[in-house]
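Listed here are the chains, written in short residue letters.
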Amino acid sequence: MEKIRGFEIAKGFENKGINLPERKTKYSAGYDIEAAEDVVIPSFKKEKNPTLVKTGLKAYMQNNEFLMLCNRSSNPKKKGLVLSNSVGIIDKDYYGNPDNDGHLMFAFYNIKDEDILIKKGECIGQAIFQKFFIVDNDDAKGERVGGFGSTNK
């Protein structure tokens, strides 16, 4: 079978009981993503980096597609969790990169006064595959050389 788009277990997570994402209803746009392990997200403090929540997953897709990582609509109100980048964009060439194999992670801030515990297997966000377009005379030739945050390196 030719691989078109989908999810796989990232290296290092093969025997950790990671569930592949699923859509819960036939009209859902997003695939529900679970946390790969327990993690505490501390209450927000200025100058503190967001907490990266591991998923144990990587995603493959077509050349003109990207994967959008979105917060759950209930996370801000119920848990105080907001994505530090508002939305995560995963490019096709992030898959299998030499730094982290394309491991998908959610970068959260906790806006509540108390620390929040995310349990392994808890749904933390959604992933939506999208097509994109390029402009006339686009001449991008760069190649990815690493993982998370490596675009301009």
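What you see is a predicted model, and the numbers here were worked out from it, not measured in a lab.

Visitor: Could you give me a rundown of the pattern of salt bridges, with the residues and numbers involved?
Guide: Applying the stated criterion to the full structure yields eleven salt bridges. Between Glu 22 and Lys 24 there is a salt bridge, with its nearest N and O atoms 4.0 Å apart. Of the charged contacts, one joins Lys 58 and Asp 101 as a salt bridge, the two residues approaching to 3.0 Å between their closest N and O atoms. With Lys 58 in strand 5 (residues 57-60) and Asp 101 in the loop between strand 8 (88-91) and strand 9 (105-110), the pair connects residues that are 43 residues apart, well separated along the chain. You'll find Lys 58 and Asp 101 in the same group, each marked buried. In the salt-bridge network here, residues are joined through shared partners; they are Lys 3, Glu 8, Lys 58 and Asp 101.

Visitor: Quick rundown of the packing of aromatic side chains? Include the residues and the values.
Guide: Scanning the model with the defined rule gives seven aromatic pairs in all. On the basis of an interplanar angle of 50° and a centroid distance of 6.5 Å, the ring pair of Phe 66 and Phe 132 is categorised as tilted. One end of the pair, Phe 66, is in strand 6 (residues 65-71); the other, Phe 132, is in the segment after strand 11 (123-131), with 66 residues separating them in the sequence. Classification of Phe 66 as buried rests on a relative accessible area of 15%. A residue is classified by how much of its surface remains accessible, and Phe 132, at 32% relative accessible area, is partly exposed. Here the aromatic residues Phe 7, Tyr 31 and Phe 129 are joined through ring pairs into a cluster of three or more. Over the aromatic face of Tyr 60 sits the side chain of Lys 3, whose NZ or CZ is 4.5 Å from the ring centroid.

Visitor: Outline the nonpolar core, listing residues and values.
Guide: Among the nonpolar cores identified, the biggest contains 28 residues, and Phe 7, Leu 67, Leu 104, Phe 108 and Ile 118 are the most heavily contacted of them. For this core, the secondary-structure elements that each account for two or more residues are strand 3 (39-41), strand 5, strand 6, strand 7 (81-83), strand 9, strand 10 (116-118) and strand 11. Ignoring any residue separated from it by four or fewer positions in sequence, one finds Phe 108 in contact with Ile 41, Pro 50, Thr 51, Val 53, Asn 71, Asn 75, Leu 81, Val 82, Leu 83 and Ile 124.

Visitor: Now, about the sheet that holds strand 11: what can you tell me, with residues and values included?
Guide: Pairing in this open sheet of four strands is antiparallel, and the strands run 2-11-6-8 from one edge to the other. What marks the edges here is a single partner per strand, and that holds for strand 2 (31-34) and strand 8. On average, each strand axis in the sheet is inclined to that of its neighbour by 30°, with strand direction left out of account. Both strand 2 and strand 11 contribute to a ladder of four bridges, which runs antiparallel. Looking at strand 11, one finds that Glu 34 is bridged to Cys 123.

Visitor: Lay out the sheet that holds strand 9 with the relevant residues and their values.
Guide: The strand order across the open sheet built from three strands is 4-9-7, with neighbouring strands paired in antiparallel fashion. Each having just a single partner strand, strand 4 (51-54) and strand 7 make up the two edges of the open sheet. Taking the axes of each pair of neighbouring strands and ignoring which way they run, one obtains an average angle of 45° across the sheet. Note that strand 7 and strand 9 share three bridges and pair antiparallel. The partner of Leu 83 across the bridge, within strand 9, is Phe 108.

Criteria and cut-off values
- Every residue gets a number counted from 1 within its own chain, in the order that chain's sequence is written.
- In view of the model being predicted, local features appear only for residues whose pLDDT reaches at least 70, and side-chain atom pairs are presented and counted only at 80 or more, with totals across whole chains, interfaces and linings using the full set of residues.
- Where side-chain values are given, they derive from all heavy atoms of the structure, hydrogens and water being excluded.
- Put simply, a salt bridge is a Lys or Arg side-chain nitrogen that is within 4 Å of an Asp or Glu carboxyl oxygen.
- Secondary structure elements are defined from DSSP: runs of H or I of at least 4 residues count as helices, runs of E of at least 2 residues count as strands, and each element is numbered from the N terminus.
- Accessibility here uses a 1.4 Å probe with only protein chains present; expressed as a share of the type maximum, an area under 20% marks a residue as buried, one over 50% as exposed, and anything in between as partly exposed.
- Centres within 6.5 Å are what make two rings of Phe, Tyr or Trp a pair, Trp counting through its six-membered ring; a difference in plane orientation under 30 degrees is then read as stacked, over 60 as edge-to-face, and the rest as tilted.
- Any Lys NZ or Arg CZ found within 6 Å of a ring centre and within 35 degrees of that ring's normal is scored as a charge over the ring.
- What is meant by a nonpolar core is a set of buried Ala, Val, Leu, Ile, Met, Phe, Trp, Tyr and Cys residues, joined one to another through side-chain atoms within 4.5 Å.
- Pairs of residues are marked as contacts when any of their non-hydrogen atoms sit within 4.5 Å.
- When DSSP finds at least two bridges between two strands, those strands are taken to pair.
- Angles here are taken between N-to-C directions and fall from 0 to 180 degrees, while the axes themselves are lines fitted to C-alpha atoms, restricted in helices to the stretch in contact.

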